[in-house]
Each structure stands twice: as C-alpha cells, then as structure tokens.
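# Commentary on secondary and tertiary structure
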Amino acid sequence: MEEDAAPRARDTGPVGGSHDELGPLAALLEDPGASAVLTDFDGTLAPIVPDPATASPLADAPGVLAALARRYALVAVVSGRPASFLADRLAAAGPSLRLFGAYGLEWIEDGTLHHAPEAEPWRAPVAQVVEGARSEFAGTAVGIEDKGCSVTVHWRQAPGEGARAREFARQWAGRTGLVLQPGRMAVEFRPPVGIDKGVVVERLARGCAAACFAGDDAGDLPAFAALDRLALEGTRTVRIAVGDEQTPPELVAAPDIVTAGPVGALALLRVLATGARR
Ligand SMILES: [Mg+2]
C-alpha cells in the first residue's frame, strides 16, 4: 500500500529508484524561501468521506504544513470549504498557514475571517437555493452545505439522487444567476464574480521563484491554469494531481506529478518540508 501511495513523477515510474523521479520538486527545493506551496483540502489533505461534515486531514498533515510554513515563503490551503471549517480542522498547523475558503470568496487573515465584497449581493440568491434544496431533498440523505456566499449540494450518501440533484442545480442556476462548479458527487452554486482557485493561486504565487498546487477535483483545474500563466512569467511551477478512481480524467491528463490519494500527497509535501528526496 505504501508503495502505491508514494508520489511519482508522471511517466517515470513509482518512487524508489533514482532521485530524478521527483525531479519536478527540485524547482521548489532549490529556493524554498522564495517559493509557494499551495494545496486543496478534501481529497488532497483529507480523505473523502461519506459525510463531508466529518472530513478531517490525515493526522500528520497539520504538522507537515507547519514545517512547510517554516521553510517556504508562502504556504496556503485553497479549498471550496468555508474558511472557518479549514481553520478548525487545521488549527494545529499554526498561524503561518494561509487559509482560503469557498474557492477564494473568503479567507482568514490575522485570525479574522474576511469575505470578498463582490460576493455579498449574492447571499440572497444563495439563501434561495438553500431553501429550495432543503425543500426538494427533504427526507433524503442529500446534504446541503450552506456557506453563506455559496452552497454545495452533496449526494455521496444518496447516490441515487445524483441525477435529480444535477437537474435541480441546472434549474436553480438558471433561476438565480449563480454559476455551477461540479465536484465529486456534489455541485456548488457560486456567485458569478470571477473568483476561483486560479485567481487565488495567481495572486499568491505571482513573483515567486517556484510554486506548486496539489488538487484532486475539477475545481482545481483553474489553479493548474493559473500556474501555467505564472510559468510564462518565469515562475517554475509544479502541478500535482492527487488521483484516485473518482478523480476527473481531465485533472490527471497533464500534471507534472501524480500522487495516489491524500497519503501520496502528504508524502510529497513531506519531501518538500524536509528537503529529503526519499
Ligand atoms: Mg478536493
């Protein structure tokens, strides 16, 4: 199992041979004081669980993030979750870890929760969707995660409701003007204000010597695209796809490194934290 979970560079086989196998990480290891380590949360630091409310990072993840934050110029978690949820789950990583929630619509700075002002007018439409979803899916195991400025409908515990949930999303997006971000057995309604993980990654990593982002889902593709834009400006970038059987094929199509699930991602982050290739 451990071997399966170890990170590997794409097309160069599993870890265990030469140092070249994690070659893409050299960009970060060479100048950590001028580099950024950015990562998703669910499916990347935390195993996917049937009830999203119970998701927790792998036990060692906060400690590894804290070690990264001591070594790198910038370390951040960029997630679809509420920033307060991330702060609760990752408190042990310490205050140097930057936290961005709701795909960048909120963040924690100096211990205070901040919201993107442009999303504020969309709270009423989000509340309408929350109410509509609670009515539509009353008595089912479909989950409705109200984040105030966005809302996610989850059907991991009610897989038979997936088609109805997608149809609900299509109708209510048209009705409210909110946009949809498909996820893994979930769909998120978001304000159409042009903020996504890519915007966050681009802002955070601009000017860095090197930057990486690790993610497992379609919502992470804008972060990969942001790295591609930064690469044109001279930043050395590493796109890390955290794969399992449910990872969207487009995410694992062309990353620089593929890891197997959160265990593999954490192994890779530990390499970055310690500077040891093995
Ligand atoms: Mg994820």
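Being a predicted model, the structure only gives us computed values, none of them experimental.

## Considering the domain arrangement of the protein chain
Taken as a whole, the protein chain is organised into domain 1 (2-116 + 195-274) and domain 2 (120-190). Between the C-alpha centres of domain 1 and domain 2 the distance comes to 26 Å. Residue-level contacts link 23 residues of domain 1 with 16 residues of domain 2. For the pairing of domain 1 and domain 2, the buried interface totals around 1,600 Å² over both sides, and the portion due to carbon and sulfur atoms is 48%. Linking domain 1 with domain 2 are 3 salt bridges, by the criterion used here. Residue E145 is joined to R81 by a salt bridge in which the shortest nitrogen-to-oxygen separation is 3.4 Å. Seen at the junction of domain 1 and domain 2, the total is 10 residue pairs in polar contact (both at pLDDT 80 or more). Broken down by class, the residue content of the side of domain 1 that touches domain 2 amounts to 11 nonpolar, 5 polar and 7 charged.

## Side note on the coordination of the magnesium ion
Protein-derived ligands of the magnesium ion are D40 (OD), D42 (O) and D216 (OD), with the metal-ligand distances lying across 2.0 to 2.1 Å. Mapping the donors of the magnesium ion onto the primary sequence yields the spacing D-x1-D-x173-D. With respect to class, D40 is no different from D42; both count as buried.

How each quantity is defined
- Residues numbered from 1 in each chain as written.
- Predicted model: local features only at pLDDT ≥ 70, side-chain atom pairs only at ≥ 80, totals over all residues.
- Heavy atoms only, no water.
- Domains from an automatic or database assignment.
- Contact = heavy atoms within 4.5 Å.
- Buried area = accessible area lost by both parts, 1.4 Å probe.
- Salt bridge = Lys/Arg side-chain N within 4 Å of Asp/Glu carboxyl O.
- Polar contact = N/O pair within 3.5 Å; in protein donor to acceptor, adjacent residues only side chain to side chain.
- Nonpolar A, V, L, I, M, F, W, Y, C, P; charged D, E, K, R; others polar.
- Donors = N, O, S within 2.8 Å, 3.2 Å for Na, K, Ca; no water.
- Buried < 20%, exposed > 50% of the residue type's maximum accessible area, 1.4 Å probe, protein only.

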